[in-house]
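# Observations on chain architecture
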Amino acid sequence: MSNTKKIILAISFLFITLLSSCSSNGNKPGTSDAAEKVYVAPGQYDEFYSFMSGGFSGQVTVYGLPSGRLFKIIPVFSQHPENSYGYNEETKPMLQTSYGFVPWDDAHHPELSQTNGETDGRWLFINANNTPRVARIDLTTFETEEIIEIPNSAGNHGSPFVTMNTEYVVASTRFSVPIPQKDVPISSYKENFKGTLSFIKVDKESGNMNIEFQILVPGFNYDLAHAGKGPSHGWAFFTSYNSEQANELLEINASQNDKDFIAAVNWKKAEEYLKEGKGKVYNTEYYRNHYSNSTHSATSEKINKIVVIDPSECPGIIYYLPTPKSPHGVDVDPSGEYIVAGGKLATIIPVHSFTKMIKAIEGKEFISEISGIPVLKYESIIAGEVQDPGLGPLHTEFDGNGFAYTSAFISSEVVKWKLGTWEVVDRVPSYYSIGHLMIPGGDSKSPSGKYLVSLNKITKDRYLPTGPELCQSAQLFDISGDKMKLLLDFPTIGEPHYAQGIPAEKLINNQRRIFELGNNEHEYGLRSEKDAKVERNGNEVHIYMTTTRTHFKPDNIEGVKVGDKVFFHITNLEQDWDIPHGFAVKGMNTAELLVMPGQTRTAIWNPQNEGVFPFYCTDFCSALHQEMQGYIRISAKNSDIKLSYN
Amino acid sequence: MHKYIIYIVFTLIALTSCNNNDSETNSNSSANEKLAEKFGLTLFELENGVGPIKSKLQIGEINNSLAEQGRKLFDEKCAQCHKLDERYTGPALRGVTERRTPEYIMNMILNPEEMTKRHPEAKKLLAIHANQMTFQNVTQENARALLEFLRMESSH
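The numbers attached to residues start from 1 for each chain and follow its sequence in the written order. Each chain is given a letter, starting from A, and each ligand a number, starting from 1, according to the order in which they appear as written. Reporting of local features is limited, given that this is a predicted model, to residues whose pLDDT is at least 70; pairs of side-chain atoms are given and counted only at 80 or more, and all residues count toward the totals for whole chains, interfaces and linings.

Let us now look at the overall build of chain B. Segments assigned H or I by DSSP are reported as helices when at least four residues long, segments assigned E as strands when at least two residues long, and all are numbered from the N terminus. The helix and strand inventory of chain B stands at 9 helices and 0 strands. Looking at chain B as a whole, 30% of its 156 residues are labelled buried. Within chain B, contacts between residues at least 6 apart in sequence are counted, and of these 70% link residues at least 24 apart. Here the C-beta atoms are placed from the backbone, and a residue counts as buried if at least 20 other C-beta atoms lie within 10 Å of its own, exposed if 12 or fewer do, and partly exposed otherwise. C-beta atoms are placed from the backbone for every residue, and two residues are taken to be in contact when these atoms lie within 7 Å.

Shown next, in the form of structure tokens:
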């Protein structure tokens with residue numbers, strides 16, 4: 001090799017080395033053993049389930065931690081063609097609202113049910129922002145079982161946070177509106193607009209939800225919430241901003257006041273007032289949709305009344321805690337004593353003391369009153385302030401070992417600080433623009449302080465580029481030591497707005513594998529192949545069809561005519577785990593059906609033209625999957641071909 | 001003392017296994033031993049299948065009411081794949097009780113996935129039919145009733 005060549009080679013090598021060490025996107029591995037810590041060998045299980053909201057996808061995603069592997073998308077507020085949720089006749093009623101059928105929403109905060117302040121693995125709740133609703137997902141089927149609409153609400157953001165024993169799921173209105181709705185000038189905001197705080201009662205056995213009462217509050221923007229626990233059990237805390245009550249250019253006009261408020265609600269006191277009949281019944285209209293695993297169908301129920309409490313007539317149920325500055329998150333530490341606010345425009349993190357709050361209430365240390373709601377003195381209730389917490393502090397979770405972790409959106413970092421001394425002990429960057437963060441059980445009494453997940457809005461240069469639209473992401477940190485260590489970074493579906501985590505062992509053994517055919521109460525369900533049939537009722541043709549590997553019964557149907565309304569009722573006769581079958585007929589104007597073992601699903605087809613149309617199984621089910629097919633013959637409207645099938 | 005007990009147990013085992021093979025010729029039994037060894041099965045498993053039925057059952061006269069229960073279960077759980085007299089998704093089942101022992105039939109019903117992985121006869125059938133038989137969420141009592149139905153159908 002000539003000397004020149006050697007020099008060129010040496011220079012190239014140096015250049016490449018320099019380039020890679022100058023990588024500006026934080027791609028340096030967190031620690032040298034990061035790969036080992038997130039490696040879950042093929043066939044092995046993750047230690048935690050993580051439920052992430054899909055944000056504007058309207059769904060919930062299920063990931064394993066520490067691997068970051070995606071297991072399932074649970075359809076909740078949006079139609080999901082992959083398994084026909086919201087397309088098939090059985091689940092369409094789940095998306096029924098007082099505004100009619102709504103096929104999409106913006107889902108923000110998953111929240112696991114709790115017993116005695118700990119996650120119990122029974123249900124997952126999640127809110128819909130745009131058309132205010134709360135959904136309940138059953139964690140034995142990982143399917144949405146109930147959706148309740150919230151009347152007198154707009155922008156259902158501060159929702160759905162549970163009390164210590166899931167007595168209630170609480171919800172608040174981000175957008176104040178005229179309550180009840182009426183046609184008024186927008187400029188009459190201060191006079192006409194109100195907010196509500198809703199308390200949704202959850203039945204201990206069935207989980208069924210019912211809005212027990214709403215509290216009518218001044219027209220601020222109620223943003224987030226968390227319920228008390230331990231000593232603060234019986235209280236719930238709601239942040240608010242726009243105490244200026246601006247109705248235009250909020251970025252300036254709602255950022256004027258030095259402090260806005262956390263509303264502290266004594267819900268046990270509210271229950272006493274309810275018993276005394278202090279609530280007023282408002283006429284309204286909202287829907288509750290419930291899915292049954294025996295009829296395999298959802299039903300919609302319209303409700304016309306709601307009980308509303310006016311705090312000016314019920315003293316002692318609500319107090320305002322002054323909190324700097326346009327606070328966003330409100331988080332209660334595992335002991336139930338500290339109430340931490342994320343003032344997104346604040347330069348400190350204020351931490352209120354529940355004990356001090358109670359003393360200040362007893363000592364009547366009020367600085368003013370707003371619409372009958374006493375405002376407590378800041379100095380009387382504050383436990384401490386975390387200095388230099390990063391720019392734009394939003395949300396805090398806890399590790400159960402005396403530390404709190406706050407997300408700072410603008411400076412894009414996680415800040416670890418100590419409860420009691422309020423000193424910052426560590427900080428790590430997140431890539432990029434962290435919103436919520438999550439520690440499994442991190443908002444409960446017993447966090448698992450091993451991992452922290454940051455939920456990031458922006459990924460810019462983190463992954464291979466995919467045109468203008470880029471994924472959002474989650475990042476996994478090891479928080480078991482003094483210093484946080486970045487382990488993994490993985491893309492998410494939609495916006496991973498908030499998440500919940502739970503040790504896998506709390507869910508694994510409760511998983512449902514099949515639906516028993518003997519319990520199938522679907523109106524058009526079958527329990528045996530010999531009952532498969534086709535019936536005509538006027539221009540409606542009902543096909544009672546069964547699936548098994550690897551045939552449909554019947555698989556040849558004739559005597560159906562143009563203009564008929566054809567119902568395919570498909571019952572999957574399989575009774576073993578992981579054997580769904582799919583169904584689609586050529587040209588049908590809806591999504592495929594995906595039918596779990598023992599389940600019945602229905603698609604409606606309006607044949608437009610004469611001919612013979614194939615149908616087939618859409619979920620690869622076995623070696624003879626390609627043989628799993630059939631034909632339906634469509635004849636002219638006036639044809640005299642008799643209905644027949646094999 | 002311990003040695004004495006172990007000796008008795010071994011003798012009993014030896015006697016029992018001899019009893020099982022009484023009806024077979026010596027050459028057959030050695031062929032079966034080789035086959036069993038090849039597939040990692042015991043001689044009992046080779047004859048009676050792999051699954052929860054681990055010893056010979058007391059099978060008496062055909063019990064008609066049990067067979068009728070079996071017929072109902074067959075319609076709900078089996079008929080989508082099995083007919084009595086024609087090949088369907090799986091093999092035709094009339095006469096199956098002449099080809100297989102009662103224990104084999106129950107193990108096939110109760111433990112089909114392991115059977116088709118480990119037992120030579122079940123493996124052959126999987127290759128022919130290309131469809132994995134599934135466990136249909138039945139109890140051992142259900143499987144017994146299904147056996148009775150198949151015995152009744154095989155008898156005519």
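Looking now at the overall build of chain A. When you go through chain A residue by residue, the secondary structure sums to 7 helices and 46 strands. Scaling as 2.2 N^0.38, a compact globule of 646 residues should have a C-alpha radius of gyration of about 26 Å, and chain A matches this with 28 Å. Out of the 646 residues in chain A, the part that is buried amounts to 51%. By sequence separation, contacts in chain A at least 24 residues apart represent 62% of the contacts at least 6 residues apart. Radius of gyration: C-alpha atoms only; globule rule: 2.2 Å multiplied by the number of residues to the exponent 0.38.

What follows is about helix α4 (residues 64-78) of chain B. Because the α-helix completes a turn every 3.6 residues, residues three or four places apart line up on one side. Turning to α4 of chain B, its buried residues number three or more, namely Ala67, Gly70, Leu73, Phe74, Glu76, Lys77 and Cys78 of chain B. Where α4 of chain B is buried, its residues touch α9 (140-154) of chain B.

Once that is clear, we can look at the packing of α4 of chain B against α9 of chain B. All names here are of chain B. Note on definitions: angles span 0 to 180 degrees between N-to-C directions of axes, and those axes are lines fitted to C-alpha atoms, for helices only across the stretch in contact. Between α4 and α9, the least distance of the axes is 7 Å, while the angle of their chain directions is 100°. Relative to α9, α4 is oriented roughly perpendicular. Across the interface between the two elements, Leu66, Ala67, Gln69, Gly70, Arg71, Leu73 and Phe74 from α4 touch Asn142, Ala145, Leu146, Glu148, Phe149 and Met152 from α9. An angle counts as roughly parallel when it lies under 35 degrees, as roughly antiparallel when it exceeds 145, as roughly perpendicular when it falls between 65 and 115, and as oblique in every other case.

Next up on the list: the interface of chain A and chain B. On the chain B side, the residues contacting the 20 residues of chain A number 14 residues. Taken together, the residues of the side of chain A that touches chain B sort by class into 6 nonpolar, 7 polar and 7 charged. The classification used treats Ala, Val, Leu, Ile, Met, Phe, Trp, Tyr, Cys and Pro as nonpolar, Asp, Glu, Lys and Arg as charged, and all other residues, Gly among them, as polar.

Turning our attention to the sheet that holds strand β34 (residues 485-492) of chain A. Residues and elements named next belong to chain A. Read across the sheet, 4 strands follow the order β31-β32-β33-β34 without closing on themselves; strand pairing throughout is antiparallel. Looking at strand neighbours, the two that pair on one side only are β31 (434-438) and β34, the edges of this open sheet. Within this sheet the neighbouring strands show an average axis-to-axis angle of 25°, counted without direction. Any two strands are treated as partners once DSSP identifies two or more bridges connecting them. Strand direction decides the pairing type here: β31 and strand β32 (residues 451-456), joined by 3 bridges, are antiparallel. Looking at β32, one finds that leucine 437 is bridged to serine 454.

So, about the environment of lysine 229 of chain A. Residues and elements named next belong to chain A. Tracing the sequence through the fold places lysine 229 in the loop between β15 (221-227) and β16 (235-241). When the 26 C-beta atoms within 10 Å are taken as the criterion, lysine 229 is described as buried. Sequence separation of lysine 229 and methionine 164 is 65 residues, and the distance between their C-alpha atoms is 5.6 Å. Excluding residues that lie within four positions of it along the chain, lysine 229 makes contacts with Gly117, Met164, Val332, Gly336 and Lys445.

Turning our attention to the sheet that holds strand β35 (residues 499-503) of chain A. All names here are of chain A. If you trace the 4 strands from one edge of the open sheet to the other, you get β3-β2-β1-β35, paired in antiparallel fashion. Lying at the two open borders of the sheet, with one neighbouring strand each, are β3 (70-74) and β35. Between one strand axis and the next, the sheet turns by 20° as a mean value, whatever way the strands run.

Residue and element names in this part refer to chain A. Of all hydrophobic cores here, the largest spans 121 residues; its most connected members are Val169 and Val265. With sequence-adjacent residues up to four places away left out, valine 169 is seen in contact with Phe125, Val134, Pro160, Phe161, Val162, Ile200, Val202 and Met209. Any set of buried Ala, Val, Leu, Ile, Met, Phe, Trp, Tyr and Cys residues joined through C-beta atoms within 7 Å is what this text calls a nonpolar core. Core analysis: the second largest hydrophobic core is formed by 32 residues, Leu526, Ala532, Val541 and Phe567 among them.

Residues and elements named next belong to chain B. Delimitation of the domains relies on an automatic or database domain assignment. Split into domains, chain B comes out as domain 1 (1-39) and domain 2 (40-154). Between domain 1 and domain 2, the contact holds 7 residues from the first and 8 residues from the second. Contributions of two or more residues to the side of domain 1 that touches domain 2 are made by α1 (2-20) and α2 (26-39). A per-element tally of the side of domain 1 that touches domain 2 places α2 first, with 5 residues. Across the side of domain 1 that touches domain 2, the residue classes tally to 3 nonpolar, 3 polar and 1 charged.

With that out of the way, let us pick up the domain arrangement of chain A. Residues and elements named next belong to chain A. Considered domain by domain, chain A is made up of domain 1 (57-510) and domain 2 (524-645). Of note, the centres of domain 1 and domain 2, computed from C-alpha atoms alone, are 44 Å apart. Contacts between domain 1 and domain 2 engage 8 residues on the former and 12 residues on the latter. For the side of domain 1 that touches domain 2, a count of residues per class yields 2 nonpolar, 4 polar and 2 charged.

As a further point, take the pairing of strand β22 (residues 338-343) of chain A. Residue and element names in this part refer to chain A. When you tally the buried positions in β22, you get 6 out of 6 residues, the bulk of the element. Turn length for the strand β21 (residues 327-332)-β22 hairpin, with the two strands adjacent in sequence and antiparallel, is 5 residues, and the turn residue glycine 336 shows positive phi of about 85°. Of the pairings in the sheet, the one linking β22 to strand β23 (residues 348-353) comprises 3 bridges and is antiparallel in character. Of the residues in β23, the one forming a bridge with isoleucine 339 is histidine 352. Counting the residues in the hairpin turn of β22 and β23 gives 4 residues.

Our next topic: unusual backbone geometry. All names here are of chain A. Across the junction of serine 159 and proline 160, the peptide omega takes the value -5°, indicating a cis bond. The linkage connecting proline 324 with the following residue, lysine 325, adopts the cis geometry, with an omega of -25°. If you trace the backbone, lysine 325 turns up in the loop between β20 (318-323) and β21. Positive phi is not limited to glycine here, since tryptophan 422 has a value of about 65°.

All names here are of chain A. Secondary-structure assignment places leucine 274 in helix α5 (residues 267-275). Counting along the chain gives 97 residues from leucine 274 to serine 371, while the straight-line C-alpha distance between them is 20 Å. Those residues in contact with leucine 274, other than ones at most four positions away along the chain, are Phe213, Gly279 and Val307.

Residues and elements named next belong to chain A. The buried fraction of β21 is high, at 6 of 6 residues. Pairing between β21 and β22: 4 bridges, direction antiparallel. Bridge pairing links valine 330 to alanine 341 in β22.

Residues and elements named next belong to chain A. Those residues of helix α6 (residues 354-362) not exposed but buried are Phe354, Met357 and Ala360. Burial along α6 is one-sided: seen end-on, the buried residues are contained in an arc of 120°. Tucked inside the fold, the buried residues of α6 contact β17 (260-266), β20, β22, β23, β25 (373-376) and α7 (378-381). Looking one or two residues past α6, lysine 364 carries a phi angle of roughly 50°, positive in sign. This arc corresponds to the set of directions leading from the helix axis out to the C-beta atoms.

To continue, consider the confidence of the model for chain B. Residue and element names in this part refer to chain B. Taken over all residues, the pLDDT of chain B has a mean of 87, while the share at 70 or more is 83%. For every residue, the pLDDT score states the predictor's confidence, bounded by 0 at the bottom and 100 at the top. Per-element averaging of pLDDT across chain B places α1 at the bottom with 50 and helix α6 (residues 102-110) at the top with 98. Low pLDDT, under 50, characterises residues 11-24; the stretch is placed with 4 contacts to residues that sit more than four places away or in other chains. Note on the complex model: pTM 0.90, ipTM 0.75.

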